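# Geometric and topological summary
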Amino acid sequence: MVQVNKILVTGGAGFIGSHLCDRLLQDGHYVVCLDNFVTGNRANLKAAFKNPRFSLIEQNVQSPIADGNYNQIYNLACPASPPKYQLDAVETMRTCIIGAMNVLEYGKTHGARILQASTSEVYGDPDKHPQAEEYVGAVNCTGRRACYDEGKRASEALFFDYHRQYKVEIRVARIFNTYGPRMSHDDGRVIPNFITQALQGSPITIYGDGSQSRSFCYIDDLIDGLIKLMNEPGGRHGPMNLGNPMEFSVRELAEIILKKANSCSELKFLSLPEDDPKIRQPDINKAKREINWLPTISLLNGLDRTIDWYLSHPYTPPTNVEYLSDHLGKAVETISPETQAKANNPYIQPTNIGRKKSLAVIGGGPAGLTAAYEIQKHSADYTPFVIEADKIVGGISRTESHNGFRFDIGGHRFFTKVKEVEELWHEVLGDDFITRPRKSRIYYRGKYFDYPLKIVNALTNMGAYETVRIGLSYIKWRVFPSKVEQNLEQWVTNRFGGRLFYHFFKSYTEKVWGLPCTEIQADWAAQRIQNLSLKKACADWRQRHQQPYRRI
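Residues numbered from 1 in each chain as written. Predicted model: local features only at pLDDT ≥ 70, side-chain atom pairs only at ≥ 80, totals over all residues. Heavy atoms only, no water.

### Re the overall build of the chain
When you go through the chain residue by residue, the secondary structure sums to 19 helices and 20 strands. Buried positions account for 44% of the 552 residues belonging to the chain. The contacts in the chain between residues at least 6 apart in sequence include a share of 76% that link residues at least 24 apart. Carbon together with sulfur atoms contributes 53% to the accessible area of the chain, which is approximately 30600 Å² in total. (Helix = DSSP H or I, 4+ residues; strand = E, 2+ residues; numbered from the N terminus. Buried < 20%, exposed > 50% of the residue type's maximum accessible area, 1.4 Å probe, protein only. Contact = heavy atoms within 4.5 Å. Areas by Shrake-Rupley, 256 points an atom, 1.4 Å probe, with all protein chains shown as cover.)

Shown next, in the form of structure tokens:
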């Protein structure tokens, strides 16, 4: 059983902090967020505010922290995006150092365990690749990024000194490029910049020639790593790299985002910022070995989730994404939209509509495609075009291929005996319309069961012993049924018994609908499985097999 803690998260309204608050609440802890909202966003805490175990302290981390009976403190309070931490460099350094001292003083006085969110920027522009924790880095201590880079290095020094001198339990995580939902459009880091620009259709700004490399870690993986590091037994752990070691060039990233966002944005190359690292890749062997942590979410998967979030939130035009003033107006190369044609979704083509009015159909599923077809057929005033996020149209009613097999994942929803639908198919496909025989079976415990279920086939496959148990279970539930039928499990068990429910209803229903059967209402079961019972199924089987054979 997980111990329930009272946990303080400084900077808890930020990108990483808000995700951490959500996860800790999900795990059953009491969470207090401390934030002054200079760069944090209250909207990030929308879900947390609904939880009675969450509370907020609006305070600067540079002020002393009052006793709150905290068992653990995650110190995430500091601007992390270049334009924001360079806006007031002195304040950034004060936040790093004074904030660290305040949380450490709390740990010293009250015995709380403290985790410091450090950064891969402590390695500077490295001359060793990949970067392991033993590498001391190559940081310019007087450059424009020093307020953040050296501020984090100073914080690490304080953490280790408080541990050595005062026995404070500490954890130090060096976080590599992390991305995901809730990064603001004007964050200034490469992934939010590229996504914002791609969705807007504005030029993708790449600093340098785009050959510099980065390793991108999705937010969920990072949160797992932070929590594992915090809860690993012992007085001190770290510094420890937390990041995804898969390395991509910045130009590769731009091309991936262009394709995923279905964007025609051009690439615009600007001069390289001062002290911008040429390479960045974490050596995570220490995290694998000491806390059994390994990122599992690929860049392609993580970008899909991140782009979906940007699409679902109102667009806010970014502020100056040229995060150093000496970049302005220094474009050195431009790639035209034509060279990016391969990034376009083949199902969304520009339309030459002349004097016609354009009409958008959102969603390329059966309904959307049919609507677009009918509009095009019956209206001379409108030119429809279909907007579809997926690379393949058809929605759930399409054929997918996997390992040489073809699957109609929702064919029973699309192909129908309704006259109007069949006529539409024949009209669209003409001579290409073909019919295919279809057989549906359930593969369970190494055997195939007919679908819809046939009583003899099902019981034969289950075997004599299990058949007897199914019968006894049925009798038991008929004699002693659930007195109430509030959910699907109770409804099905009363009609089929517990054994058949667990064999054929529970796993299938929960796999398809993603909910426990106890959370699906009985009314839904009654609608989906109308007039069905084990007694009726047996009677139907007996009636069919007692009919005399007829000569033909």
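### As for the packing of aromatic side chains
Under the definition given, this model contains 9 aromatic pairs. Centroid distance tyrosine 85 to tyrosine 148: 4.5 Å. Interplanar angle 5°. Geometry classified as stacked. Of this pair, tyrosine 85 sits in helix α3 (residues 82–85) while tyrosine 148 is found in helix α5 (residues 146–166), placing the two residues 63 residues apart along the sequence. Across this residue pair, the class does not change: tyrosine 85 and tyrosine 148 are buried. What links up through ring pairs into an aromatic cluster is the set Tyr123, Tyr135 and Phe176. (Phe/Tyr/Trp six-rings, centres within 6.5 Å; stacked < 30°, edge-to-face > 60°.)

### Describing the nonpolar core
Counting 61 residues, the largest nonpolar core has Ile16, Tyr74, Leu226 and Leu299 as its most contacted members. The dominant element in this core, judged by the number of residues it contributes, is helix α7 (residues 219–231), at 7 residues. Apart from the residues within four sequence positions on either side, tyrosine 74 is in contact with Ile7, Leu8, Val9, Thr10, Leu20, Leu24, Leu115, Leu226, Ile227, Met230 and Asn231. Val32, Ile65, Ala77 and Ile114 belong to the second-largest nonpolar core, a separate cluster that totals 21 residues. (Core = buried A, V, L, I, M, F, W, Y, C linked by side-chain atoms within 4.5 Å.)

### Here's the deal with the environment of proline 516
Along the chain, proline 516 turns up in the loop between α17 (498–513) and α18 (522–528). Residue proline 516 is classed as partly exposed on the basis of its relative accessible area of 33%.

### Notes on the sheet that holds strand β6 (residues 170–175)
Reading across the sheet, the 7 strands line up as β3-β2-β1-β4-β5-β6-β11 and stay open at both edges, with parallel pairing between neighbours. In the strand order of this sheet, the two ends are held by β3 (54–58) and β11 (236–242), each with one partner. When the angles between neighbouring strand axes are averaged without regard to direction, this sheet yields 15°. Pairing of β6 with β11, which is carried by 5 bridges, proceeds in the parallel orientation. (Pairing = 2+ DSSP bridges. Axes fitted to C-alpha atoms, helices over the stretch in contact; angles between N-to-C directions.)

### Topic: the side chain of threonine 95
Here threonine 95 lies in helix α4 (residues 89–110). When its relative accessible area of 10% is taken as the criterion, threonine 95 is described as buried. Here the side chain of threonine 95 touches glutamine 62 through a polar contact of 3.2 Å, side chain to side chain. The residues contacting threonine 95, other than those within four sequence positions of it, are Val61, Gln62, Ala77, Cys78 and Ala100. (Polar contact = N/O pair within 3.5 Å; in protein donor to acceptor, adjacent residues only side chain to side chain.)

### Overview of the pattern of salt bridges
Applying the stated criterion across every chain, the model contains 19 salt bridges. Here glutamate 150 ties to arginine 153 by a salt bridge, and the two come within 3.4 Å at their closest N and O atoms. Of this pair, glutamate 150 and arginine 153 both sit in helix α5, separated by 3 residues, roughly a single helical turn. Each of the salt bridges in this network shares a partner with another, and the network as a whole consists of Arg23, Asp27 and Asp224. (Salt bridge = Lys/Arg side-chain N within 4 Å of Asp/Glu carboxyl O.)

### So, the packing of helix α1 (residues 15–26) against α7
Where α1 contacts α7, the axes come no closer than 10 Å and their chain directions differ by 65°. In terms of orientation, α1 and α7 fall into the roughly perpendicular class. For the crossing formed where α1 meets α7, the hand is right-handed. Of the residues in α7, those in contact with Phe15, Ile16, His19, Leu20, Arg23 and Leu24 of α1 are Ile219, Leu222, Ile223, Asp224, Leu226 and Ile227. Looking at side-chain class alone, the contact of α1 with α7 contains 9 nonpolar, 1 polar and 2 charged residues. (Parallel < 35°, antiparallel > 145°, perpendicular 65-115°, else oblique. Left-handed = near helix turned anticlockwise from the far one by under 90°. Nonpolar A, V, L, I, M, F, W, Y, C, P; charged D, E, K, R; others polar.)

### Here's the deal with the side chain of serine 473
Of note, serine 473 is situated in helix α15 (residues 464–479). Of the polar contacts made by the side chain of serine 473, one reaches the backbone nitrogen of glycine 498; its length is 2.9 Å. At a separation of 3.1 Å, a polar atom in the side chain of serine 473 contacts the main-chain amide nitrogen of arginine 499.

### Some thoughts on a nonpolar patch on the surface
Taken together, Val468, Leu472, Ile475, Val479 and Phe480 make up a surface patch of nonpolar side chains, about 530 Å² in accessible area. Summarising the element assignment, leucine 472 is placed in helix α15. (Patch = residues over 30% accessible without salt bridge, like charges linked within 9 Å, V, L, I, M, F, W, Y side chains within 5 Å.)

### Comments concerning the packing of helix α8 (residues 250–260) against helix α10 (residues 299–312)
Direction vectors running N to C along α8 and α10 enclose 50°, while the axes themselves pass 11 Å from each other. Judged on the interaxial angle alone, α10 and α8 are oblique. The interaxial crossing formed by α8 with α10 has right-handed handedness. Seen from α8, the contacting residues are Leu253, Ile256, Ile257 and Lys260; seen from α10, they are Leu299, Leu300, Leu303, Asp304 and Ile307. In the contact of α8 with α10, the residues fall into 7 nonpolar, no polar and 2 charged.

### A short note on the environment of phenylalanine 449
One can find phenylalanine 449 in strand β20 (residues 447–450). When its relative accessible area of 1% is taken as the criterion, phenylalanine 449 is described as buried. Through-space distance from the C-alpha of phenylalanine 449 to that of asparagine 461 is 7.4 Å; in sequence the pair is 12 residues apart. Beyond its immediate stretch of four places on either side in the chain, phenylalanine 449 contacts Arg441, Ile442, Tyr444, Asn457, Ala458, Asn461, Met462 and Phe504.

### Let's talk about unusual backbone geometry
Residues histidine 129 and proline 130 are joined by a peptide bond in cis, for which omega reads -5°. Looking at the secondary structure, you find proline 130 in the loop between β5 (113–119) and α5. Here the residue pair glycine 238 and proline 239 is connected by a cis peptide bond, since its omega of 0° sits within 30 degrees of zero. By the element assignment, proline 239 lies in strand β11. For phenylalanine 37, which is not glycine, the phi torsion reads 60° and is therefore positive. Position of phenylalanine 37 relative to the elements: it lies in the loop between β2 (30–35) and α2 (46–49). Taking the relative accessible area as the measure of exposure, phenylalanine 37 reaches 16% and is therefore buried.

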